[in-house]
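For reference, the chains in residue letters:
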Amino acid sequence: KHFKVSGRQFDLRMVQGHAPVVFLLECQETKPGESVYVVGAHEALGQWSPSGAVAMTTNAATFPLWTSSPLPLPVGEAIEFKCVILRDNRSVVKWEAFSGNRMVEAVDGSTLSVRSTWDSISSMASSAQLVPEHGQPAECMGLVKEGGTLNRTMSGARIFGDQMGQLTVEMEAKEPMKRNFSQSLLALDEPGDIEAAAVEAAHLNDEVAPMPSPREHRGVSLQHIASFSALTEMADVATKDEVRQRRKAEYAPFNLDVPIVIVSSEMAPYSKSGGLGLVAASYSYEFARNGHRTMAVSPKYQHYEGLTYIGETMVRVAGQDQLVKYWHIYKDLGEGKGCDYVFVDHPCIERGAGLYNADDGREYHDNLLRFSLLSAAAMEAPLVLHIGGYPYGEKVVFIANDWQAGLVPVYLCYKYRQQNRYREARCMYVIHNLGYQGQYYGVNACDFFHINHKAMGDILLGNSINLTKGAIICSDRVLTVSPNYAWEIQTREGGFGLDDIVKGKANGLRLAGILNGVDDCWNPAIDTKIARTFSLADFEEGKCFNKAELQKRLGLRQDPDVLVVGFCGRLTWQKGVDVLADCIGWLMDDTGNGVTGRVQLIMMGNGEEKYANALRWAEGQYGGRVCGFVGFDPKVEHQMMAGCDLFIMPSRYEPCGLPQMYAQVYGTLPVVHATGGLKDSVRDISEGLEVATGFHIPYIAEDKVKGALWIAMELFFKHPGEFKQMQRNAMNSDYYWPQAMDQYEQNIDYMLYDPANQR
């Protein structure tokens, strides 16, 4: 006798009194040659021995979700378990760090799926009933339909605000793809080898509507794009000058004579895979226009037009002297000001595919070398390059961005200051997303980075090196991309293992958060991508016209009286797409309450195929009322901001976020999870109608998302005057770069007046 679970057979003679359990884990900690295993207090789980632990698998389509085979565990018996990362030779890399163990109890007659997150004791379980397989006795079972979430917490665990929703499990055997996600997570957006998977959207009608081809994508190519921000255009110098005539700086900096050296692995328009490239480009413009002599240092991933070779030097990396070359272009920004863009050239830097990953999604094996060279070369550039006839010199401020530039403060502390060089220089380290830290195993730090043992101690984390840890410890000041995110990364849930290090920086008064600025191209008064420009004076007519054109373009019924809700973002669990999908049926259902059923929904994005298929399904099911735009078009994003009434961002975490700020500029009220920069940039209705600009979701759960949407929609339909007051508040908000730069200049002044960080 056998039973089957998603095509896998198990011998019932071996599992009488048992039931299958599937373990799932969200984990991004693995490196090449490593995998995640589940181990626990039962022989099926290896009796706590790593040598007997059960391997979990992932692939390019499902990462960071790791899944085990169905394992027979005794019914009614609580079994303790944990997860561990092992190398291919079964040597232990890392155990989960929380105290205690999770517990699971198999359910008779069902397959239990238990989903957890690395280093969090919390688990959520869902059951799937086993029914007789065709042609077999009743006791021979096959998985045919997944049950609902059990909504119970495993023993000793607690449910965080980011609760798991309905769980859909694909148990097909696939070749695991081990990838090192030290850098920004890049999805394979152009399918290639990834098979499209059908998805059953939770809480939606069982009646199947026509579904477009799973491989159909709309808009621009998204290969090697980690964030839609990378596809955003920036206003030119003339446009910036025009719109900024009414905006004046409120802070008078004291150190405009100190040059700024920006170090970033991305620099728009030359290189960008996400928001980092845009922010770094904004730094290069804003600091220069403020009056600083400004250099922006970035890798030379290819030969960009207009570059001139300006010099070379030797740096010590990976145990040997490396020759790096510098290429330069100067960009005139008007009023006698400009920025020197310097590109670091080495044979290992240029690639034919993505900045960090090959076409198959694997991180380049030598990324640590590539970005160590970037930092080392950036440190030498102000000293050896005679740009405009003279070098930048030793009194400069380095702005190092994310882990790829994490060695800049380390080298400043342990190499240059100890040689009495850069004595007056300072380094500000900017954390754009602490989830990506530059963590590598098997590296001899002293030899590879050419540093001493004390410096190695600042970089080591367990048996790995962690560039972000070293950067936080050694920098003179740490900034994050929003004030609330600066607080969140001091917590265990948000600190990704570095919360104690971040707390130390905060206790020393060297940590702050500044919201990223909005580029001047996001302005409804001058936006050439929208159907009709408008301002605060005529926003009602302008938004009405843009709504009609948006409905027409996207195939929605043209109805000025409906409320249009927009979503634009990555189709991933982190963005809360699963919970938003659960709300679609409720939004569309007219139950006579005067609110639901009078809504249109536009969801534009790309990412995991199961969520893409959910969008396609919803568009087919609710024709003329839902647009499931699988892909991305920058022009449509602008038109959504102008034509939608609400913009929803149910992200489980969001260090800064930009769309919620774009939306407010266009009078579209954001509905956001109260996390990270979303909480900082959207003032909830609970603060009062005189200041409110949007609506907060307290934590991500279906009922909480519906609750926030209900408040917003009811206000729109039943209290339109108050809704319009909030739109005026939103349009009066100022999230542009000049106000952000006031805060950057303040922090630079603080940093220059504080003593240098001596290690």
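Residues numbered from 1 in each chain as written. Predicted model: local features only at pLDDT ≥ 70, side-chain atom pairs only at ≥ 80, totals over all residues. Heavy atoms only, no water.

Asks: So what about the packing of aromatic side chains? Which residues, and what values?
Replies: With the rule as written, the count across this model stands at 25 aromatic pairs. Ring geometry for Phe716 versus Phe717: centroids 5.0 Å apart, planes at 85°, classification edge-to-face. By the burial criterion, Phe716 is buried, and Phe717 matches it. Taken together, the aromatic side chains of Tyr270, Tyr304, Tyr341 and Phe343 make up a single cluster linked through ring pairs. Directly above the ring of Phe98 sits Lys82, whose terminal nitrogen or CZ lies 4.8 Å from the centroid. Note that Lys240 overlies the ring of Tyr285, its terminal NZ or CZ placed 5.0 Å from the centroid. (Phe/Tyr/Trp six-rings, centres within 6.5 Å; stacked < 30°, edge-to-face > 60°. Buried < 20%, exposed > 50% of the residue type's maximum accessible area, 1.4 Å probe, protein only. Lys NZ or Arg CZ within 6 Å of the ring centre and 35° of its normal.)

Asks: Would you mind going over the side chain of Glu488 in detail, with residue names and values included?
Replies: In this fold, Glu488 is placed in helix α8 (residues 483-488). An unpaired buried charge is present at Glu488: no salt bridge exists, and Lys679, the closest side chain of opposite charge, is 6.9 Å distant. Separated by 2.7 Å, the side chain of Glu488 and the backbone nitrogen of Gly676 make a polar contact. (Helix = DSSP H or I, 4+ residues; strand = E, 2+ residues; numbered from the N terminus. Lys, Arg positive; Asp, Glu negative; His and termini not counted. Salt bridge = Lys/Arg side-chain N within 4 Å of Asp/Glu carboxyl O. Polar contact = N/O pair within 3.5 Å; in protein donor to acceptor, adjacent residues only side chain to side chain.)

Asks: Please give an account of the pairing of strand β18 (residues 320-334) that cites residues and values.
Replies: Where a strand is regular, its side chains alternate between the two sheet faces. Direction of pairing for strand β17 (residues 308-317) relative to β18: antiparallel, over a ladder of nine bridges. Across the sheet, residue Thr313 finds its bridge partner in β18, namely Val324. In this antiparallel pair of consecutive strands, β17 and β18, the connection spans two residues, and Ala318 shows a positive phi of 60°. For β18 and strand β19 (residues 337-345), the ladder comprises nine bridges, and the chain directions are antiparallel. Residue pairing for β19: His328 is matched across the bridge by Val342. (Pairing = 2+ DSSP bridges.)

Asks: Hey, could you go over helix α10 (residues 499-507) for me, with residue numbers and the actual values?
Replies: By the burial criterion, the buried members of α10 are Asp499, Val502, Lys505 and Ala506. An end-on view of α10 places all buried positions within 120° of arc, on one side of the element. Opposite the buried face of α10, at more than 90 degrees from it, the exposed residues are Asp500 and Asn507. Close packing links the buried residues of α10 with α7 (467-474), β25 (477-480), α9 (492-495) and β26 (511-513). (Arc of directions from axis to C-beta. Contact = heavy atoms within 4.5 Å.)

Asks: Run through the sheet that holds strand β22 (residues 439-441), naming residues and quoting values.
Replies: Spatially, three strands are ordered β22-β24-β23 in an open sheet, and the strand pairing comes out antiparallel. Two strands in the sheet have a free side with no partner beyond their single neighbour: β22 and β23 (460-461). Across three bridges, β22 lies against strand β24 (residues 464-466) in antiparallel orientation. Note on β24: the bridge partner recorded for Gln439 is Asn466. Across the sheet, α7 lies against β23 and β24, angled at about 50° from β24, the strand it touches most. (Axes fitted to C-alpha atoms, helices over the stretch in contact; angles between N-to-C directions.)

Asks: Account for the environment of Gln725, naming residues and giving values.
Replies: Mapped onto the elements of the fold, Gln725 is located in helix α19 (residues 720-731). Gln725 gets classed as partly exposed once you look at its relative accessible area, which sits at 30%. Along the primary structure Gln725 and Ala692 are separated by 33 residues, whereas in three dimensions their C-alpha atoms are 8.7 Å apart.

Asks: Give a description of empty space enclosed by the protein that names residues and reports values.
Replies: Summed over the entire model, instances satisfying the criterion amount to six cavities of 30 Å³ or more. Taken as a whole, the second largest cavity encloses approximately 90 Å³ of empty space. If you trace the second largest cavity, you find 13 residues lining it, with Leu278, Gly517, Asp519, Leu658 and Trp737 closest to the centre. Here the lining of the second largest cavity takes three residues from helix α2 (residues 275-290), the largest share from any one element. In the lining of the second largest cavity, the residues fall into eight nonpolar, four polar and one charged. (1 Å grid on protein atoms, 1.4 Å probe; cavity = no way out; pocket = protein on both sides within 12 Å on 5 of 7 lines; lining within 4 Å. Points joined across faces, edges and corners; volume = space filled by probe spheres on them. Nonpolar A, V, L, I, M, F, W, Y, C, P; charged D, E, K, R; others polar.)

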